[in-house]
2 protein chains.
Amino acid sequence: MRLAELSRHSGVSTATIKYYLREGLLPPGRQINATTAEYGEEHLRRLRLVRAMIQVGRLPVSTVREVLGHVDDDSLGRSIRLGAALWALPQVPEPDEDDEYVRAAHREVAALLDRLGWQNAKLLTTISPAYRSLVVAVAALRRLGYDWGAERLAPYAELMHRTAVLDLDNLEAQPSEAERIETAVLAAILNEPLLRALHRLAQEEETARRYGFE
Amino acid sequence: MRLAELSRHSGVSTATIKYYLREGLLPPGRQINATTAEYGEEHLRRLRLVRAMIQVGRLPVSTVREVLGHVDDDSLGRSIRLGAALWALPQVPEPDEDDEYVRAAHREVAALLDRLGWQNAKLLTTISPAYRSLVVAVAALRRLGYDWGAERLAPYAELMHRTAVLDLDNLEAQPSEAERIETAVLAAILNEPLLRALHRLAQEEETARRYGFE
DNA sequence: CCTTCTTGGATAGCGGCACTATCTAAGCAG
DNA sequence: CTGCTTAGATAGTGCCGCTATCCAAGAAGG
């Protein structure tokens, strides 16, 4: 496959593909000579992954580069590699640890993890972006006067845990071992909007059930 | 409160507040004379709402304006107003109805709603952005080779429905009738990142439980 | 062989967006 | 009177994901 063909198969313009090559999101093709390069199926797959991350997942290019770095890092074990790739995903605004709301949020989230018995998550509090995001969100709500304590969070956390179980079951059902990491990243990115849409739809359904349409 | 004080209380620069005033995200203060305006508590609350939508919810300014328009529209009934405000929220890329993946996604989602018995949601298929978002997400996954049929979606949808029930219970527990709409919008925006963070954390917990840390 | 197209590589520009900076005339506070 | 603040207007900034253009070297077709 040459550049133009890659473009045709993927629906991405050659200019954009060149941009991705420059940015290191796509490995260079096999250079045949100074003016020809050959691309394979793996380039097409990678290109689709990149597009999904950027367009559907709205990840900035720099984050995509980072995620791919972990996806491709053979020196790591499977689950570490998966975690590393997923951890690169969210754009976490660093919480201001001096802020009183942030400190209160830390306490609430810690209490939540205790209550749920999420011992593994407890070990990750210092490094997991998910933990930090949670603290930031709880702090933002507190600042606006909404008190999301552990007991109000717990039922949501239970539901999200069940969702995570479904996620991992789906992942394990995936036949090809080699593509699992890639699949996991894709799932993390693409399932998110899907879940959000389902959530909204469920809210509409439930609102209509309770109050009708007027 | 004068502009500078509003800025100090909210932590938002005067330049940015002026920008929001210009963009119509914040109602003008009570004009005392040509060079003085007085702002009240409601301005502070509105400003915090706007910041939450923009910074936490990452909504574009134009969407925030639209949402606020519905929040403030007294001519609508309560649940309609709520729906209108929430419907303005998502940035839905219009699905291309000619695309075969989109048509297949439509069929899958319709099958899902039948299976779940979400009769109300069925009535909204033509207008609800949540429905459209769902179709777009399913189509995107299909295009990448992932087959999310109704039976795979159903368990997720069940969980999201339970989440929605929690949402509405929380909303009803809110004492002040007047602020319910605002609360609903805030909840829709701020609970989203919170749920996402919980979801990620649950994934990390479950991954660690299944595979340990290596 | 000649013409036309394509390639990698480089560089500059664009359009959208959320601000941010600067200016002005008017007014207030000490 | 002096300095600071205000509303209002306008222009600029910085980032980001492309997009457009140019180039010299080479490939492809007749």
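Worth saying up front: this structure is predicted, and the values here are computed from it rather than measured.

(A) A look at the overall build of chain A. For chain A, the helix and strand inventory stands at ten helices and two strands. Counting from the amino terminus, helix and strand elements in chain A follow one another as α-α-β-β-α-α-α-α-α-α-α-α. Judged by the C-alpha coordinates and their principal axes, chain A covers about 65 × 45 × 35 Å. Sorting the 214 residues of chain A into buried and exposed places 38% on the buried side. Considering only contacts within chain A whose residues lie at least 6 apart along the sequence, 62% involve residues at least 24 apart.

(B) Quick peek at the confidence of the model for chain A. Scored by pLDDT, chain A has a mean of 85; 93% of the residues are at 70 or more. Mean pLDDT across the elements of chain A bottoms out in helix α5 (residues 78-87) of chain A (70) and peaks in helix α2 (residues 14-23) of chain A (94).

(C) View of the relation of the copies chain A and chain B. Note on the copies: chain A fits chain B at an RMSD of 0.3 Å, the axial shift is 0.1 Å, and the rotation between them is 179°. Such a combination of turn and shift is consistent with a two-fold rotation axis. Of the C-alpha atoms belonging to chain A, the one lying closest to the rotation axis is found on L159 of chain A, 3.1 Å away.

(D) Highlighting the protein's contact with DNA strand D. Taken together, 21 residues sit near DNA strand D, with P60 and V61 of chain A together with L3, A4 and A37 of chain B positioned nearest. Those elements giving two or more residues to the surface near DNA strand D turn out to be α2 of chain A together with α1 (3-10), α2 (14-23) and β2 (36-38) of chain B. Per-element tally for the surface near DNA strand D: the top contributor is α2 of chain A, with three residues. Residue classes in the surface near DNA strand D are distributed as ten nonpolar, nine polar and two charged.

(E) Here's a closer look at the pairing of strand β1 (residues 30-33) of chain A. Residue and element names in this part refer to chain A. Looking at chain direction, β1 and strand β2 (residues 36-38) are connected through three bridges and run antiparallel. Residue pairing for β2: R30 is matched across the bridge by E38. The antiparallel hairpin formed by β1 and β2 contains two residues in its connecting segment.

(F) The protein's contact with DNA strand C, seen in detail. Taken together, 21 residues sit near DNA strand C, with L3, A4 and A37 of chain A together with P60 and V61 of chain B positioned nearest. Contributions of two or more residues to the surface near DNA strand C are made by α1 (3-10), α2 and β2 of chain A together with α2 of chain B. The greatest single-element share of the surface near DNA strand C, amounting to three residues, is contributed by α2 of chain B. When grouped by side-chain class, the residues that make up the surface near DNA strand C number ten nonpolar, nine polar and two charged.

(G) How the structure looks around unusual backbone geometry. Residue and element names in this part refer to chain A. Positive phi, normally seen in glycine, also occurs at R58, with a value near 55°. Position of R58 relative to the elements: it lies in the loop between α3 (41-56) and α4 (61-71). Taking the number of C-beta atoms within 10 Å as the measure of exposure, R58 has 14 and is therefore partly exposed.

(H) Quick look at the interface of chain A and chain B. The interface of chain A with chain B comprises 57 residues on the first partner and 57 residues on the second. Counting residues per element, the ones that place at least two in the side of chain A that touches chain B are α3, α5, α7 (119-123), α8 (129-143), α9 (150-173) and α10 (180-211) of chain A. The element contributing the most residues to the side of chain A that touches chain B is α10 of chain A, with 22 residues.

(I) Inspection of the nonpolar core at higher detail. Within the largest apolar cluster, 110 residues are counted, with the highest numbers of intra-cluster contacts made by L134 of chain A together with L134 of chain B. Non-local contacts of L134 of chain B, meaning those with residues more than four positions away in its chain, are made with L194, A197, L198 and L201 of chain A together with V109 of chain B.

What counts and how
Residues numbered from 1 in each chain as written. Chains lettered and ligands numbered in written order. Predicted model: local features only at pLDDT ≥ 70, side-chain atom pairs only at ≥ 80, totals over all residues. Helix = DSSP H or I, 4+ residues; strand = E, 2+ residues; numbered from the N terminus. Buried ≥ 20, exposed ≤ 12 C-beta atoms within 10 Å, placed from the backbone. Contact = placed C-beta atoms within 7 Å. pLDDT = per-residue confidence, 0-100. Least-squares fit on C-alpha atoms with pLDDT ≥ 70 in both. Near = placed C-beta within 6 Å. Nonpolar A, V, L, I, M, F, W, Y, C, P; charged D, E, K, R; others polar. Pairing = 2+ DSSP bridges. Core = buried A, V, L, I, M, F, W, Y, C linked by C-beta atoms within 7 Å.

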